[in-house]
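# Descriptive analysis of the structure
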Amino acid sequence: MTDPAAPVSDLDLFDDEVLIDPYPSYAALRELGAVVRLPANDVYALTRYDVIRDALADWETFSSAGAIGFNPMVNEALTGTSLSSDPPAHTRLRAALTANLSPRALRGLKATVEAKADALVEELVAKGSFEAIDALARALPLEIVADLIGFTGHARDNMLRWGQAAMQVIGPMNQRTAESFPIAGELYAWCSAVTAADLTPGSVGRGIFEAEARGEIPPDTAGHIIHQYLGAGVDTTVASIGNLVALFARHPGQLALVRENPALVPAAFNETLRFWPPVNAWGRRATRDVEIDGVLIPAGAKVAVLLGAGNRDPRHYPDPDTFLVERNPIDHLAFGYGPHGCAGQGLARLEAHAVITSLSRRVERLVVGPEVRVPSNITRSIEELPVLEVSPA
């Protein structure tokens, strides 16, 4: 006989200390159960790998429509986007978003991204010391995405602060969210007013407006799609590149493995994403009463999908708290799963693989100072990472 009541924890997912280092809290939640009720956040949290993966695949039960954020204002603002919709509407919107992000479409970008990444790493290694977040983790994605979408002028200058705010407001209505809403509003206002003429000819952004003109996506949705390129893609890629630099500095033996075997580059990025995913929590809404491991989640309940907890589940990954590039966890949850799997993951891989390739070829060892992290509602990233010394390969 099952007990339909979920185990309860007094944990606040958005407490500063939890956001800085969530992994001890995740381990405690996993031990309580696959589904844990968190009254502080008014959510049912999914904590284990198999349950999370199944829920992400089941969009009919765990809906994204008006549900990905943890406050009603952001869910209202995101209505009509592919992030916050379900099939069939999601399918059509996502097709326009991914048309220029498919492996075939990205092949033409590969040489450019690799050349830019290598030139940047070469320059930084020659300096002997640098600030890894500003000089590398932010510099490369901002340039790549700005060129890809066709951002110029005011939009290009504000990409970082807009992208950070767009992720921050997905959290609950705490101080971080309240302070970020006006900045996210700047991005929303710009995307609502942008026209094809505001974007560089031949850019992906122009192509989205052309798709709208052909009737391939609904009228007045091009701006929403461009919003997602920036809102969902920049901050997470910055976080991932910063994380991989920090992890290679912490684990020089793992960097040596990649240097000895360049075929490990994709595996190294997969392990970075598993070990320190850039997004730890995402929202869903239960559309019906659903029982998971004997626990009832009632219809209408808010669900928190803890991607970071699933990625460290020892039931799925042996020795999950150890960073091992040879593990190659191709089934990690950092990019989500199912119909809402990250649309921009191909571009993120392209950028990160280029950085790993260049670092492993040019660097034997990185000596870094302390990582500076600041609590952020959704994206877990490093704010400052001083590279004090570089030993060239």
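Above this text sits the structure in question.
A quick note: this is a predicted structure, and the numbers were derived from the prediction, not measured. Per-chain numbering applies: the sequence of each chain, read as written, is numbered from 1 onward. Local features are withheld for residues below a pLDDT of 70 in this predicted model, meaning they are given only at 70 or higher, and side-chain atom pairs are given and counted only at 80 or more; totals for whole chains, interfaces and linings count all residues. Excluding hydrogens and water, the side-chain values take into account all heavy atoms of the structure.

## Topic: unusual backbone geometry
- The linkage connecting proline 87 with the following residue, proline 88, adopts the cis geometry, with an omega of 5 degrees.
- In this structure, aspartate 293 is a non-glycine residue whose phi angle is positive, near 50 degrees.
- Helical segments are the DSSP runs of H or I of at least four residues, strand segments are the runs of E of at least two, and each set is numbered from the N terminus. When you line up the elements, aspartate 293 lands in the loop between strand 6 (290-292) and strand 7 (295-297).
- With phi around 50 degrees, aspartate 319 is a residue other than glycine that occupies positive phi space.
- Take aspartate 319: it is sitting in the loop between helix 15 (307-311) and helix 16 (345-362).
- Partly exposed describes any residue whose relative accessible area lies between the buried limit of under 20% and the exposed limit of over 50%, with all areas from a 1.4 Å probe on protein chains only and scaled to the type maximum. Aspartate 319 gets classed as partly exposed once you look at its relative accessible area, which sits at 46%.

## Details of the side chain of serine 25
- Tracing the sequence through the fold places serine 25 in helix 2 (residues 23-32).
- Its relative accessible area of 16% is what places serine 25 among the buried residues.

## Let's talk about empty space enclosed by the protein
- Computed over the protein atoms alone on a 1 Å grid, cavities are sets of points where a 1.4 Å probe fits but cannot get out and pockets are open sets with protein on both sides within 12 Å along at least five of seven lines; a residue lines them when it has an atom within 4 Å of a point. Grid points are joined across faces, edges and corners, and a volume is the space filled by probe spheres set on the points. What the rule picks out here adds up to 3 cavities of 30 Å³ or more.
- By volume, the largest cavity amounts to about 680 Å³.
- The wall of the largest cavity is formed by 36 residues, among which Leu83, Ala232, Cys342, Ala343 and Gly344 lie closest to the centre.
- For the lining of the largest cavity, the secondary structure elements donating two or more residues are helix 5 (89-98), helix 7 (132-149), helix 12 (222-250), strand 5 (281-286) and helix 16.
- Ranked by residues supplied to the lining of the largest cavity, first place goes to helix 12 with 8 residues.

## Regarding the packing of helix 12 against helix 14 (residues 265-275)
- At a minimum axis distance of 10 Å, the contact between helix 12 and helix 14 shows a crossing angle of 100 degrees. Between helix 12 and helix 14, the crossing angle belongs to the class labelled roughly perpendicular. For the pair helix 12 and helix 14, contact is made by Ser240, Asn243, Leu244, Leu247 and Phe248 and by Ala268, Phe269, Thr272, Leu273 and Phe275, respectively.
- Here the contact of helix 12 with helix 14 is composed, by residue class, of 7 nonpolar, 3 polar and no charged. Fitted lines through C-alpha atoms give the axes, limited to the stretch in contact for helices. The angle between two N-to-C directions lies from 0 to 180 degrees. Our angle categories are set so that under 35 degrees counts as roughly parallel, over 145 as roughly antiparallel, 65 to 115 as roughly perpendicular, and the remainder as oblique. In what follows, a contact means two residues having at least one pair of non-hydrogen atoms within 4.5 Å. The nonpolar class holds Ala, Val, Leu, Ile, Met, Phe, Trp, Tyr, Cys and Pro. Asp, Glu, Lys and Arg form the charged class, and all remaining residues, Gly among them, are polar.

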